[in-house]
Amino acid sequence: MDKLRAVPPITLTEAEKAFLDGPTNELCRMANDWEIRHTLKEIPEEIWSFVKKHGFLGMLISKEHGGLGFSAQAQSLVLGRIASRSPDVCTLVMCRTRWARVS
């Protein structure tokens, strides 16, 4: 138990906090899970464009290489927030981020 207590809490940079409070919350407002899953049966182009424009696909890529340079903890919090609104949009961001790292 002492080892667990010794682990420092997750701390985010100001940029990571701003991304969570700004673009991530905006994306969550845009993502209507019922519409995506049952009406459109695909992710709308406006969501694809928003994700690309705000760098969701490069969260873990360093700034030197054109990404956001976020920590794994920040990415996890972003994905969790998106998943709470739309699993499909979360999968888009998660899979594309993973693909971007290996290509």
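Note that the structure is a prediction, hence the values are computed from the model and not measured.

A. Representation of the overall build of the chain within the structure. Scanning the chain from N- to C-terminus turns up six helices and zero strands. Along the chain, helices and strands appear, N-terminal first, in the series α-α-α-α-α-α. For the chain, the proportion of its 103 residues judged to be buried stands at 32%. In the chain, the proportion of contacts linking residues at least 24 apart, taken out of those at least 6 apart, comes to 61%.

B. Spatial organisation of the packing of aromatic side chains. All told, the structure shown has three aromatic pairs when counted by the stated rule. With a centroid separation of 5.2 Å and an interplanar angle of 75°, the aromatic rings of F19 and F70 are classed as edge-to-face. With F19 in helix 2 (residues 14-30) and F70 in the loop between helix 4 (45-53) and helix 5 (72-85), this pair connects stretches of sequence that are 51 residues apart. In this structure, F19 and F70 share a single accessibility class: buried.

C. Layout of the environment of K17. Summarising the element assignment, K17 is placed in helix 2. For K17, a relative accessible area of 35% puts it in the partly exposed group. C-alpha of K17 to C-alpha of L77: the two residues are 60 residues apart in sequence and 9.9 Å apart in space.

D. Representation of the pattern of salt bridges. All chains considered together, the criterion is met by five salt bridges. Residue R5 is joined to D2 by a salt bridge in which the shortest nitrogen-to-oxygen separation is 3.9 Å. Of the two residues, R5 and D2 both sit in helix 1 (residues 2-6), three residues apart, roughly one turn of that helix. On the accessibility criterion, D2 (63% relative accessible area) is exposed. Residue R37 is joined to D88 by a salt bridge in which the shortest nitrogen-to-oxygen separation is 3.4 Å. Taken together, the residues R37 in helix 3 (residues 33-40) and D88 in helix 6 (residues 87-102) connect sequence positions 51 residues apart. Bridged by salt links that share partners, the residues D33, R37 and D88 form one connected network.

E. Local environment of helix 3. Among the residues of helix 3, the N-terminal cap falls to N32, whose side-chain oxygen and the backbone nitrogen of W34 are separated by 3.2 Å. After helix 3 finishes, the residue K41 shows a positive phi value of roughly 60°.

F. View of the confidence of the model for the chain. With 92% of its residues at a pLDDT of 70 or more, the chain has an overall mean of 90. Throughout residues 99-103 the model reports pLDDT below 50, and contacts reaching past four residues in sequence, or to other chains, amount to three contacts.

What counts, and at which threshold
Residues numbered from 1 in each chain as written. Predicted model: local features only at pLDDT ≥ 70, side-chain atom pairs only at ≥ 80, totals over all residues. Heavy atoms only, no water. Helix = DSSP H or I, 4+ residues; strand = E, 2+ residues; numbered from the N terminus. Buried < 20%, exposed > 50% of the residue type's maximum accessible area, 1.4 Å probe, protein only. Contact = heavy atoms within 4.5 Å. Phe/Tyr/Trp six-rings, centres within 6.5 Å; stacked < 30°, edge-to-face > 60°. Salt bridge = Lys/Arg side-chain N within 4 Å of Asp/Glu carboxyl O. Polar contact = N/O pair within 3.5 Å; in protein donor to acceptor, adjacent residues only side chain to side chain. pLDDT = per-residue confidence, 0-100.

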